[in-house]
Amino acid sequence: MYKVTRTKTPAKTPKMKTRPQPSGLRDSVSVFCRVRPMQCESDLSCLKAISKTTVHLTPPEIAINFKVGTLKETQHIFKEVFDENSQQREVFNVVAQPLVEALIRGKNGLLFTYGVTGSGKTYTMTGDNQNQGIMPRCLDILFKTINDYQTKKFVFKPDRLNGFEILSEADAMIERQAEMNAKFNKLRRKDSDPEIASRASTDVSALSGIDEDNMYAVFVTYVEVYNNSVYDLLEEGSIQKTLQTKIIREDGTKNMFVHGVTEVEVKSMEDAIEVFHLGQKRKRMGHTILNSESSRSHSVFTVRLVQAPTDIDGEYVMKDKKTVTVSQLSLVDLAGSERTNRTKNTGQRLREAGNINNSLMTLRTCLEILRENQLSGSVKKVPYRESKLTHLFKNYFDGEGIVKMIVCVNPRAEDYDETAQVMRFAEMTQDVQIARPAISIRPDMAGFTPGRRKANQIFKAAVNNLMANDDDRARYVDIDLGLVYSLEPNLQRINLNSPNADDLVKELMNQLEQRIARKKLLSSDLAAKQANIRAKLVQTEKDMLVLKTENASVNAVLSHERNKTTIIENKNISYERSIDDLNRQVRDRDQRISELERKLAMMEQQVSQKEIEKERQKKKYTTKFAVEKEEMSRELEMKLRAQQDKLANEMRLRDEKLRLVTDIINSPVVPSYKRQPEREPDIVAATPSTHAGTSSYSATMHTPRSVRGVAVANVRHRRSRSAGDKWLAHTTTKPVPLGTVFQPFLPNRKTVTKLTELKDVSKSNTSKYCLISQSADTDGELETRLFKGDIIPTMTGGAQVVLNDVECLKQSSPVSSPARKRLSSEMRVGELSPPEVKARCSTGIEGHNNYKKPRI
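Each value, and the rule that gives it
Per chain, residue numbering runs from 1 following the sequence as it is written. It should be noted that, the model being predicted, local features are given only for residues of pLDDT at least 70 and side-chain atom pairs only at 80 or more, the latter also being counted only at that level, while totals for whole chains, interfaces and linings use all residues. Hydrogens and water molecules were not included; the side-chain quantities draw on all heavy atoms of the structure. Strands are runs of DSSP state E lasting at least two residues, helices are runs of H or I lasting at least four, and both sets are numbered from the N terminus onward. Multiplying 1.5 Å by the helix residue count minus one yields the expected span of that helix. What we call the bend at a residue is the angle made by axes fitted to the seven residues finishing there and the seven residues starting there. Type-normalised accessible area, obtained with a 1.4 Å probe on protein chains alone, sets the label of each residue: buried when under 20%, exposed when over 50%, and partly exposed for intermediate values. Two strands qualify as a pair provided that DSSP identifies no fewer than 2 bridges between them. Throughout, nonpolar core names a set of buried Ala, Val, Leu, Ile, Met, Phe, Trp, Tyr and Cys residues whose side chains join them through atoms within 4.5 Å. The contact criterion used throughout is that any non-hydrogen atoms of two residues lie within 4.5 Å. Stacked, tilted and edge-to-face pairs are distinguished by plane angle, under 30 degrees for stacked and over 60 for edge-to-face with tilted covering the rest, among Phe, Tyr and Trp rings (Trp via its six-membered ring) whose centres lie within 6.5 Å. Salt bridges are defined by distance alone: a side-chain nitrogen of Lys or Arg within 4 Å of a carboxyl oxygen of Asp or Glu.

### Some points on helix 1 (residues 88-104)
Right, on to step 1. If you check helix 1, its first and last C-alpha atoms are 22 Å apart, about what 17 residues at 1.5 Å a residue would give, namely 24 Å.
Right, on to step 2. Along its length, helix 1 reaches its greatest deviation from straightness, about 45°, at alanine 96, and the proline proline 98 lies no more than four positions downstream.
Right, on to step 3. Turning to helix 1, its buried residues are Gln88, Val91, Phe92, Val95, Ala96, Gln97, Leu99, Val100, Ala102, Leu103 and Ile104.
Right, on to step 4. Downstream of helix 1 by a residue or two, glycine 106 has a phi angle that is positive, lying close to 100°.

The following block contains the structure:
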């Protein structure tokens, strides 16, 4: 079961307290519905268009009151429904094109899009680059219609009070010159915007029925209502400038307008779209959960058409301000209504949403009171002033124009609750009736000849053609363009039931008498004009006879000249043939010459290439010879230098041997050694060691206590001087294996790698401490150092180490050390005495006392 809601009611006659109004003078607000296509195929739909005028709304399970059972399926009827497959052109032709036609006829129009956020209002109004919306199409068809009847710029000038002044041609030229001088500081700038195409569309054509004797000019304004304040989006200044709020005033004809708004005169669709783009950059836009680019204000783009009749000659605009007719078309893109629990808005966005919803609620309240006054005959005051939006459009709802609304809906199931509210608003809006505006012809236009502008253009074209042909008759042409063939304006409709019917009848009688007098005057003027035309026709016939005689003689002369021309043409043909033969021979010879020149050029090129190759080979062999010569000289010099070095080395070795022999011969008897100090150790005998596969002897010499021969040493190890005590040996984690006699030997010792516990020092039976360190000396040889000391107990139960000795053990290779190799050779030949051996080979223990280690 579903409930059928009939939203299209017939127009009813409101019950007014004074007198009933005729039903033919009121029209209901036209409401259209456009359904947006689904964004995702997986989304559920709650709305479907079942005919060209009806939509079906089904409550989904996710609706707020679905479980309560109060929701039912409904049907809603509109003026026309545009489904998901409807095109922008179709919407424009049905909704907006009649508004443009009424605009040209002098009627005002209001079209606004209404719906929730993300329902397609902005797309319907403006469109995109590929699909133009209502606004650019309205501009396109308007300029295509009035293109040939526009005035020059600044002929009409806004008076800042919602009216227009008519400037003279001189004043208008001064204004145009001032604009040209300040073109770099103009309000409008050449900013391209890909959102809306600025080129004229090809699917609209000019409208018919335009008054060709009128002159037209188009002005545009662009304002927004943001947070219940009105801002001029075309205000002079940079885009980043903070806009000033504007006030809404009432002009002398009780029409509402934005005081001080910027009105820009445009001469083409491109100019108007350019102005729209400038205002669009200043419009408040924001990001919400439901829409990435959501309008945060109501935007109103107004197109004002100014028209005035031409003068008696049909060339310039009449200077009478009373003859000016101003009509406007307001295109309103309302901001979408939002629910806070869906958008999750906070801060500034929440305040904007609240103002948007309040303004839309005020619009709804005004329409409800209007409907109630019309249906019940009450006279409740409509609260237009509670919102800037309704205050601005007050005169439209009071009967100053045609009002239409496009309801945009998103068929998604998630938007059901908002869509239901929109449908109820559309249902209520269709019941509101607007008084039909009456357009009357201005009395100032009485007496003007229809078609005078086109007649003036034709007359000027004829005169220009005569002047172009140097015809003297052009200066005597005189045509009366002010001839009157009309009987005053059409009579207005008279309601005989009105209280002032007697005055209207008297005025009607007066107009009829004027028409009768006018008819007599036109009749007499017509008779005089007919007689004048007959006389001119007779004179024209006489002139025609004379022209025919002259034409016959001219034809005879022309025939004779044609025969002469034929003979000359035949001769020209024969001459041209002979010339063609000569040209052919010349071309053949030129071609032969070109071929010979080409061959000559090729031969010269070959000769030049051979010369170049010859020079290149010559340079190549010259360079090669010089390089080989230089290499041979360098090789000979190197061999000579090597032989010289070899001879010099042999001489130096011979001199060295001779010097050694001389030193041995001249050396004195070796004296006995003196007794050394008691702390000097004995001489350690040399033990064999192997390095790099060669046997040699490496010895560490110390100063001897007495000369008693070579000391006896253990072939496996060397005992430390303090081997009798119990030692705590502190070594590295991975010591380097030596494999020689120079190794520390502590027979009664405890070895540790880290001193992590106190008992290792204080509570053990050790009395000596030895820190063993291995490193490389300055010659890169391995060096083992033993830092020795005594462990002394302390009064607190701890222990301290007092370092008192350092022992250094070195190991060197006999092969890699040039000094020791030379020492061994000298000792073998007996060239060095024992003191010299001691001086050169002395290494060993270096003692340092009084080194203390901090208490553990």
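### As for the pairing of strand 11 (residues 214-226)
Right, on to step 1. Of all 13 residues making up strand 11, 13 are buried, and the element is well covered by its neighbours.
Right, on to step 2. Of the two faces of strand 11, both are covered, the one formed by Asn214, Tyr216, Val218, Val220, Tyr222, Glu224 and Tyr226 as well as the one formed by Met215, Ala217, Phe219, Thr221, Val223 and Val225.
Right, on to step 3. Inspection of the sheet shows strand 11 paired to strand 19 (residues 298-309) by twelve bridges, in the antiparallel sense. Note on strand 19: the bridge partner recorded for methionine 215 is alanine 308.
Right, on to step 4. With three bridges joining them, strand 11 and strand 16 (residues 264-266) adopt antiparallel strand pairing. Residue pairing in the sheet places phenylalanine 219 in a bridge with glutamate 265 of strand 16.
Right, on to step 5. As judged from the four bridges shared by strand 11 and strand 12 (residues 229-232), these two strands associate in the antiparallel manner. The residue of strand 12 that forms the bridge with valine 223 is aspartate 232.
Right, on to step 6. Once strand 11 ends, the chain turns through two residues before running back antiparallel as strand 12, passing asparagine 227 with a positive phi of about 50°.

### Points about the nonpolar core
Right, on to step 1. By size, the foremost hydrophobic cluster in this structure holds 53 residues, and its most contacted members are Phe393 and Phe397.
Right, on to step 2. Every residue in contact with phenylalanine 397, bar those within four places of it in the chain, is listed here: Leu363, Leu367, Leu370, Tyr384, Val403 and Ile434.
Right, on to step 3. Counting residues in each nonpolar core, the second largest holds 47 residues, with Cys138, Ile146, Tyr149 and Ile273 among its members.

### Notes on the packing of aromatic side chains
Right, on to step 1. A full pass over the atoms with the stated rule returns eight aromatic pairs.
Right, on to step 2. An angle of 65° between the planes, with centres 6.0 Å apart, marks the rings of phenylalanine 393 and tyrosine 396 as edge-to-face.
Right, on to step 3. Look at phenylalanine 393 and you get buried, because its relative accessible area is 6%.
Right, on to step 4. On the accessibility criterion, tyrosine 396 (1% relative accessible area) is buried.
Right, on to step 5. Among the aromatic residues, ring-to-ring pairing joins Tyr222, Phe276 and Phe301 into one connected group.

### Observations concerning helix 5 (residues 269-282)
Right, on to step 1. With 14 residues, helix 5 should cover 20 Å at 1.5 Å per step; its first-to-last C-alpha distance of 21 Å lies within 8% of that length.
Right, on to step 2. Within helix 5 the residues assigned to the buried category are Met269, Ala272, Ile273, Glu274, Val275, Phe276, His277, Leu278, Gly279 and Arg282.
Right, on to step 3. Residues of helix 5 that are buried sit in contact with helix 3 (134-146), strand 11, strand 16 and strand 19.

### Structural notes on unusual backbone geometry
Right, on to step 1. Not every positive phi belongs to a glycine, and phenylalanine 154 is a case in point at roughly 70°.
Right, on to step 2. Residue asparagine 162 is not a glycine yet carries a positive backbone phi of 70°.
Right, on to step 3. By the element assignment, asparagine 162 lies in the loop between strand 9 (156-158) and strand 10 (164-166).

### So, the pattern of salt bridges
Right, on to step 1. For the structure shown, the criterion picks out 26 salt bridges.
Right, on to step 2. With a shortest N-O distance of 2.8 Å, glutamate 372 and lysine 380 are connected by a salt bridge.
Right, on to step 3. Its relative accessible area of 33% is what places glutamate 372 among the partly exposed residues.
Right, on to step 4. The exposure class of lysine 380 is partly exposed, given its relative accessible area of 44%.
Right, on to step 5. Residues arginine 584 and aspartate 581 are paired through a salt bridge, measuring 2.9 Å at the closest nitrogen-oxygen approach. Linking arginine 584 with aspartate 581, this pair stays in helix 12 (residues 501-666), spanning three residues, or about one helical turn.
Right, on to step 6. A relative accessible area of 42% means that arginine 584 is categorised as partly exposed.
Right, on to step 7. On the basis of relative accessible area, aspartate 581 is assigned to the partly exposed category, the value being 36%.
Right, on to step 8. Through salt bridges with shared partners, one network takes in Lys52, Glu80 and Glu90.

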